[in-house]
Amino acid sequence: MSPRPRRFRLLQIAAVPTAFVLSVATTLAWAWTGGVDQIGLPVGTFGDPTVSVPVLSPSAQQPGVPDILAPARRSSSSAPGSPAAPAAPVVVAPSAAVPGSPAAPTSPSLARRAATVTQPDLQQRRGGRCYTGHKLVPTCGVLWGVAPGAHTESRGASALARFERKTGRHQAIYHAYHGGTRQLFPTEQEIRIAHQPGQRRILFLNWKPESASWARIAQGDRRTDAFIDRLAAHIKKNFPEQFFFAVHHEGENDVREKAGSGYTARDYAAMYRHVIKRLRARGADNVVSVLVHMTYVPHAQKSWFSQMYPGDDVVDWIGLDTYAYSDPGYGHGQFSEVFNRRLEGKRAWPGFYNWASHRHPGKPLMLAEWGVWSSKRNPRYKAEFYRRMGSEIREFPRIKAMVQFETPSNQKGQDSSVDSTPAALDAYRKLGRLPIFQVEVTPRR
């Protein structure tokens, strides 16, 4: 064997310190954006079988997404006269592997791409903070909130206080539900919750009119219009700050396809549009509207699903309600499977995140309700889900807010409480402390 040339040996020696410097730089950048703590893993837990070391994975905009999205790229779903926003950039982010699933391969090129996409967040962190901006969209990070004590008698301020004590942190969003035409909102208690000294919160108020059919409301039902006018005056007088407002959330669950039913998808869109426009026309222009869908694929596959959209001019955010199930079946799996479930074949569906990102590229996304349903047969699942979410949420940069739906028992007797087990509470507390969920609520009118 002939000896290697001297120049080759010098290059080989020089490569060692170069690789070391690159390794250190990558590690420091990762640590600056949260490092181990950013994915909810305290130092020294890598031996825990329920925790997976993060690997780099492709963007949420993955190749092979069904071509159901193609029409959305060619034409906007905006209301007439509203400009189309540019498509969201492709993002590569770290993702925790799910036990039993194959790990995505790592490579120098993926590492460089990951470092590139974290740079904007690094700059925001150096600026000192993330905060709420126009239409309550955070300048960086993800708003963190709760609907406390849902389906119980102890809703409101007391339930919120208990939730904040047990989870060990302030909630940026407080979600409450209203219905009918009797009670004006925000209520005095909700206003106090929003204005608590040193603990400012964004109200997220959900209203189901229920006084008439969607079609009648859209046509100007007198009883409903009278309430909307009183509601606008109440808001203008008592609560000038911006707040999230949803009209009949999860409307697809109540759609009746028969023409003339008063509850078709087009009736829903017209009703939603009428409510928002009338509120704003009467001075309640601080309403930040949220169109809330269920992330239930069978509904999304209906021919009428796209007809539910009221128009870009009356929709500020797209909200999605999604839940994970501890037992195997529909809704079980890692966050990306639960939230962005895709179907191939004749009835293809691209996944809710992919659909919303392409169909409504100018709208921020919110998990208006989310949670993990408990199971005595699989009690470890909830803690594992929380532990993985800190890294998995980074695969979905369009999500700007997450609101936990906290109930010990829903209509089906299911429990979404974050403290259903000590391990689940510990994992949820660590999740809520991650830098990505630290957004300051700044008053804007």
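A. How the structure looks around the pattern of salt bridges. Evaluation of the coordinates by the stated rule reveals 16 salt bridges. Across the pair Asp313 and Arg273 runs a salt bridge whose closest N-O atoms are separated by 2.8 Å. Placement of the pair is Asp313 in the loop between α10 (297-300) and β9 (317-325) and Arg273 in helix α9 (residues 265-281), with a sequence separation of 40 residues. The exposure class of Asp313 is partly exposed, given its relative accessible area of 35%.

B. Main features of helix α13 (residues 381-392). With 12 residues, α13 ought to run about 16 Å at 1.5 Å a step, and its terminal C-alpha atoms sit 16 Å apart, in line with that. Across the 12 residues of α13, 12 count as buried, placing the element largely inside the fold.

C. View of the confidence of the model for the protein chain. Averaged over all residues, the pLDDT of the protein chain is 78; the fraction at 70 or higher stands at 71%. Predicted confidence for residues 1-126 stays below pLDDT 50, and this span has 156 contacts to residues more than four positions away or in other chains.

D. Structural view of the sheet that holds strand β7 (residues 243-247). Ordered in space as β4-β5-β6-β7-β8-β9-β10-β11, the eight strands form a closed barrel in which the pairing is parallel. Each adjacent strand pair in this sheet contributes to an overall mean axis angle of 30°, direction not counted. The pairing of strand β5 (residues 173-179) with strand β6 (residues 202-208) spans seven bridges and is parallel. Counterpart to Ala176 in the pairing with β6 is Leu205. Where helix α12 (residues 352-359) meets the sheet, it contacts β8 (287-294), β9, β10 (365-373) and β11 (399-405), and its direction lies at approximately 175° from that of β10.

E. Quick look at the side chain of Thr295. Secondary-structure assignment places Thr295 in the loop between β8 and α10. A residue is classified by how much of its surface remains accessible, and Thr295, at 10% relative accessible area, is buried. Once you skip the residues sitting within four places of it in the chain, Thr295 turns out to touch Leu320, Asp321, Thr322, Tyr330, Phe339 and Phe352.

F. The environment of Leu434, seen in detail. Assignment of secondary structure puts Leu434 in the loop between α14 (422-432) and β12 (439-440). Of the residues examined, Leu434 reaches a relative accessible area of 0% and is grouped as buried.

G. Molecular detail of the environment of Arg256. By secondary structure assignment, the location of Arg256 is in the loop between β7 and α9. Sequence separation between Arg256 and Asp267 is 11 residues, and the spatial gap between their C-alpha atoms is 9.8 Å.

H. Inspection of the packing of aromatic side chains at higher detail. Counting across every chain of the model gives 34 aromatic pairs. Ring centres of Phe204 and Phe244 lie 5.9 Å apart, and the angle between their planes is 75°; this geometry places the pair in the edge-to-face category. A residue pair is termed long-range when its members are at least 10 positions apart, and Phe204 in strand β6 and Phe244 in strand β7 qualify at 40 residues. The burial state of Phe204 is the same as that of Phe244; both residues are buried. Three or more aromatic residues joined by ring pairs make a cluster, and in this case those are Trp144, Phe163, Trp370, Tyr386, Tyr428 and Phe437. Looking at Arg256, its charged tip hangs above the ring of Tyr263, at a distance of 4.3 Å from the centre. Over the aromatic face of Tyr330 sits the side chain of Arg341, whose NZ or CZ is 4.7 Å from the ring centroid.

Rules and cut-offs
Residues numbered from 1 in each chain as written. Predicted model: local features only at pLDDT ≥ 70, side-chain atom pairs only at ≥ 80, totals over all residues. Heavy atoms only, no water. Salt bridge = Lys/Arg side-chain N within 4 Å of Asp/Glu carboxyl O. Helix = DSSP H or I, 4+ residues; strand = E, 2+ residues; numbered from the N terminus. Buried < 20%, exposed > 50% of the residue type's maximum accessible area, 1.4 Å probe, protein only. Expected span 1.5 Å × (residues − 1). pLDDT = per-residue confidence, 0-100. Contact = heavy atoms within 4.5 Å. Pairing = 2+ DSSP bridges. Axes fitted to C-alpha atoms, helices over the stretch in contact; angles between N-to-C directions. Phe/Tyr/Trp six-rings, centres within 6.5 Å; stacked < 30°, edge-to-face > 60°. Lys NZ or Arg CZ within 6 Å of the ring centre and 35° of its normal.

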